[in-house]
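Take a look at the letters that make up each chain.
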Amino acid sequence: MLFFTRAHAIIAAASLAASLTPANSADVRSTAPMHAARMAHSATTLRDGRVLVAGGFTGEEQAHTSVEAYDPAQRRFVTLPRLGTPRHSHTATLLASGKVLIVGGFASGGRTLTSAELFDPATNTVTPTGSLAAARAGHLAVALRDGTVLVAGGVGPDWQFLGSAERYDPVTGRFSPTGAMTVPRESHTALRLQDGTVLITGGHQGRRADITLYASAELYDPANGTFRRTGDMAIRRHKHDAVLLADGRVLVSGGSDERDDRGAYRSTEVYDPGRGSFAAGPTLALARYKHNGSSLLLADGRVLIAGGAPQAELVDMRRLTSSVVAGSDRLTGQFSASAVLRSGEVLITGGYGHDRGPQPLAWLYVP
């Protein structure tokens, strides 16, 4: 029995060493910094190739109104007109028109918002649009096939955890209620599947000693405006991420249990829409959490996970392996925001963590 224990330990050590070996022919390097330090902001790739960076948290209960755009040709950020309302923990969704819908979030002082704004890249201006029926922050937004936008969950005033959902119609500029989720969720994930339905995974409701984490997942059907349960994940997760793979499956990565950084996960799970169930995925090179929106499908089919840890990593679903990306040991990690550029590079912005508060720093993943 002792022999087998030692053999297993040797194999495990070799596996870990391999995962921490930097991925070949790719690196993460610094680019020009943003004009403002920020976390819990948004980064959205525009049709003209720029990346819109909006809002964010500066620390000490303060939210940004500042907006800037990263110009890939000049490798720098350009300041744009400000938001009408300071906000962080909001959502920013690219519409079919090329405009960006910026919804909800926390204002300075922690007040949740009903307001929404539209950024027009043709004029570089931000204008108000319709208001949410329920003030919310920490929610998620997904563009649907018909051009409307689903907004689901989050928290409302006085830390009320929300199961409600709404849809924004760009034609009328208004939000209208739709079916509610099966449970209230914050720190969940939401993404549109190839069949047009929306997969919601994990998250929590409650705070501190009263927190309840979920392994559950559910599907939103835009045709009838209802949510229904689908298969559960193997473990409870919140503050995790999810990305749609080229074959239509979904990779769910990391997150944590109730202990946050002390309970961050290296595990992943893969959702199969055909089966309606999850199966174990590859083990991450690094434990990571608070990285929602940082998992990006690359042109070669691999997944770059750029947030939630001091280094980015590449997940290869064909080989079921993951390895760190060279040169990225300075990332701040938590609540950063990432976006894919036309060149295939990925812009990584801001965040906090690893003994640093909100940062103006930015990096490029170069394949």
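Before going into details, it helps to say that this report is about the structure given with it. These numbers come from a predicted model, not from an experiment.

This part is about the pairing of strand β6 (residues 67-71). Looking along a regular strand, one sees the side chains alternate between the two faces of the sheet. In terms of residue burial, β6 counts as a mostly covered element, since five of its five residues are buried. Residues V67, A69 and D71 of β6 are buried on one face, and the alternating residues E68 and Y70, pointing to the opposite face, are buried as well. Relative to β6, strand β3 (residues 51-54) is paired through four bridges, and the arrangement is antiparallel. What sits directly across from V53, in β6, is E68. Counting the residues between successive antiparallel strands, the hairpin from β6 to strand β7 (residues 76-80) contains four residues, one of them, R75, with a positive phi of roughly 55°.

So, on to the sheet that holds strand β17 (residues 174-178). Spatially, β12-β13-β16-β17 is the arrangement adopted by the four strands of the open sheet, whose pairing is antiparallel. Of all the strands in the sheet, just β12 (140-143) and β17 have a single pairing partner and so form its edges. Neighbour-to-neighbour, the strand axes of this sheet turn through a mean angle of 25°, independent of strand direction. Pairing between β12 and strand β13 (residues 149-152): four bridges, direction antiparallel. From the neighbouring strand, L140 faces β13, where its bridge partner is A152.

Further remarks concern the packing of aromatic side chains. Summed over all chains, the structure comprises seven aromatic pairs. Here F106 and W159 contribute two aromatic rings whose centre-to-centre distance is 5.9 Å and whose plane-to-plane angle is 45°, an arrangement assigned as tilted. One end of the pair, F106, is in the loop between β9 (100-103) and β10 (116-120); the other, W159, is in the loop between β14 (155-156) and β15 (160-161), with 53 residues separating them in the sequence. Aromatic pair Y168 and F175: ring centres 4.9 Å apart, planes at 50°, arrangement tilted. For the pair Y168 and F175, a shared accessibility class is recorded, and that class is buried. By way of ring pairs, the aromatic residues F106, W159 and F161 are connected into one cluster. A cation over a ring is seen here: R185 above Y214, with NZ or CZ 5.1 Å from the ring centre. Its end group placed over the ring of W159, R207 keeps NZ or CZ at 4.0 Å from the ring centre.

Criteria and thresholds
Residues numbered from 1 in each chain as written. Predicted model: local features only at pLDDT ≥ 70, side-chain atom pairs only at ≥ 80, totals over all residues. Heavy atoms only, no water. Buried < 20%, exposed > 50% of the residue type's maximum accessible area, 1.4 Å probe, protein only. Helix = DSSP H or I, 4+ residues; strand = E, 2+ residues; numbered from the N terminus. Pairing = 2+ DSSP bridges. Axes fitted to C-alpha atoms, helices over the stretch in contact; angles between N-to-C directions. Phe/Tyr/Trp six-rings, centres within 6.5 Å; stacked < 30°, edge-to-face > 60°. Lys NZ or Arg CZ within 6 Å of the ring centre and 35° of its normal.

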